[in-house]
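Structural features, examined
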Amino acid sequence: MALTPARTMPGVLELLPLDQIAFQRMLDVIRRNYERFGFLPIETPVIEYSDVLLTKTGGETERQVYFVQSTGALNAVEKEGMPELALRFDLTVPLARYVAEHERELSFPFRRYQMQRVYRGERAQRGRFREFYQCDIDVIGKDALSVRYDAEIPAVIYSVFRELNIGAFTIQLNNRKLMRGYFESLGIVDGEQQMLVLREVDKLDKRGADYVRDTLTGEAFNLSADVAQKILAFVQIRSTSLKNAFDHLDALGAGPEAMEQGRAELKEVLNLIHAFGVPETHFVLNLSIARGLDYYTGTVYETTLNDHPQIGSICSGGRYENLAGQYTKSHLPGVGISIGLTRLYWQLRDAGLISTAKSTVDVLVTQMDEAQLPAYLALAGELRAAGVATEVVLEGGKLGKQFKYADRAGIRFVIVLGEDEIAKGVVTVKDLRREDQFEVARSELVKTLRVELEQAAAMG
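Scope of this entry: the structure provided in the associated data block. Fair warning: this is a prediction, and the values are worked out from it, not measured in the lab.

As for the overall build of the protein chain
Of the regular secondary structure elements, the protein chain holds 18 helices and 16 strands. Each principal axis of the C-alpha distribution contributes one length, and for the protein chain these read about 90 × 65 × 45 Å. Relative to all contacts within the protein chain whose residues are 6 or more apart in sequence, the contacts with residues 24 or more apart total 67%. Accessible surface computed for the protein chain: about 23,100 Å², of which carbon and sulfur atoms make up 50%. Of the charged side chains in the protein chain, 54 are positive and 63 negative, and the gap between their average positions amounts to 1 Å.

Next comes the structure, spelled out in structure tokens:
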């Protein structure tokens, strides 16, 4: 019988165990920091009803959705051409459905975090994933939500990436009300045209000023060279300190109501970010940040690594006024961020910023004599009871082969308990990283290993 080739489809990240440990530890850091700020976990199903998932989404989103084909008889919806069920493509739409469905059971403001896989029919190419983890937080209000929550989000971002320790980073902020109000002051008053201009200026850092200028003055927008230049001058504003950010905002001069609201919100958010303890070196005003999604209405964020700008935003999000308007008549404003962890991990590993982790197993107990297996199991049980992750070699073999196994599996400490050790009442501990070994009294093994593991952890 011919063998079926073992393969995975393009666009998925399948890791070896030690790489998976490194990925899992990033998940743990993110989860720990989300919980420190009082966010509560939820999970939603991978599969949602297609009509719920695709409400108010454009054709481009629908083309990227993985529909789920029933194995039974086609229902009425499927007969019309669209399967009843689909895989979620982000965590925001399921959150909207979740809040609308459980509105009466939730306490507001509702603070949730969600760390799950999502699925998109991305074109297969380097660094683009069809299955990937998103790690989201959102604060949802009932009827209203103070802009103060907009300032808390960067504090969470700072806490997460400081602990991840992947290099210097900067949280960049802007406000869509400020942008729309400024465009209005230049005569761009149509809401749809404002949105199109927003999308173009969001490309400034990627495409450059000349590209944006040519687009704005071209046939698609037909703006005057003077208006285009004023827009470019506006979106190229960057702050260097908190005071400098306020100076830039004040220098814009008076404007329409939306512009004044956006400026006031930005000032309050910037002040409170500093009060939350985020250093001025880690957040800046960047008036080109717009975010491509149409539902953002106020504060918007993007976070970048200072020394690796080519990676792009590693965490982004913003304020939206009506999260679940397509599902409920209630007004549910919110603010949140998302970390696309799968892509971030891949980019960091590709850039050499993270490496393979050590094994989650602390100790391997070797087998010198099959007759002593009960003693090895008892020793392992004692270590586990003391919080030391321990594996036992259950099938014997040459000791060198057992050491080689431990080395390849990333296990640092190996225990040898042979006839000589039993006779002397000691245990031999071999440190594969330092390539040395020592004897320790059997009664002192747990204490000694704890010290060794603490020192190893401190040294990384």
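Side note on the pairing of strand 6 (residues 131-140)
Within strand 6, nine of the 10 residues are buried, which leaves it mostly tucked inside the rest of the structure. Relative to strand 6, strand 5 (residues 110-119) is paired through 10 bridges, and the arrangement is antiparallel. Residue pairing for strand 6: Arg 112 is matched across the bridge by Asp 138. Two strands pair when backbone bridges link them, and strand 6 and strand 11 (residues 334-340) are joined in this way by seven bridges, in the antiparallel orientation. Across the sheet, Ile 140 pairs through a bridge with Gly 334, a residue of strand 11.

A word on helix 12 (residues 242-251)
Those residues of helix 12 that sit buried are Leu 242, Ala 245, Phe 246 and Leu 249. Along the axis of helix 12, the buried positions cluster into a sector of 95 degrees, meaning they face one direction only. Relative to its buried face, helix 12 has exposed residues pointing more than 90 degrees away, namely Lys 243 and Ala 251.

Let's talk about the sheet that holds strand 6
Ordered by their spatial adjacency, eight strands build an open sheet running 1-5-6-11-10-9-7-8, and the pairing between neighbours is mixed. Each having just a single partner strand, strand 1 (40-41) and strand 8 (283-285) make up the two edges of the open sheet. Sitting on the sheet, helix 14 (residues 341-350) is in contact with strand 6, strand 9 (299-305) and strand 11, with an inclination near 40 degrees to strand 11.

Quick notes on the pattern of salt bridges
Under the criterion given, the structure shown has 26 salt bridges. Measuring nitrogen to oxygen at the nearest pair gives 2.8 Å for the salt bridge that ties Arg 319 to Asp 150. On the criterion of sequence distance, the pair formed by Arg 319 in strand 10 (residues 315-320) and Asp 150 in helix 6 (residues 148-164) is long-range, its members being 169 residues apart. The class of Arg 319 is buried, set by a relative accessible area of 6%. For the salt bridge of Asp 250 with Lys 267, the shortest nitrogen-to-oxygen distance reads 2.5 Å. Highlighted residues: Asp 250 in helix 12 and Lys 267 in helix 13 (residues 257-275), separated in sequence by 17 residues. Shared partners join several salt bridges into a network, and the residues in it are Arg 412, Asp 431, Arg 434, Asp 436 and Glu 452.

Here is what the cut-offs are and how they apply
- Residues numbered from 1 in each chain as written.
- Predicted model: local features only at pLDDT ≥ 70, side-chain atom pairs only at ≥ 80, totals over all residues.
- Heavy atoms only, no water.
- Helix = DSSP H or I, 4+ residues; strand = E, 2+ residues; numbered from the N terminus.
- Contact = heavy atoms within 4.5 Å.
- Areas by Shrake-Rupley, 256 points an atom, 1.4 Å probe, with all protein chains shown as cover.
- Lys, Arg positive; Asp, Glu negative; His and termini not counted.
- Charge placed at Lys NZ, Arg CZ, Asp CG, Glu CD.
- Buried < 20%, exposed > 50% of the residue type's maximum accessible area, 1.4 Å probe, protein only.
- Pairing = 2+ DSSP bridges.
- Arc of directions from axis to C-beta.
- Axes fitted to C-alpha atoms, helices over the stretch in contact; angles between N-to-C directions.
- Salt bridge = Lys/Arg side-chain N within 4 Å of Asp/Glu carboxyl O.

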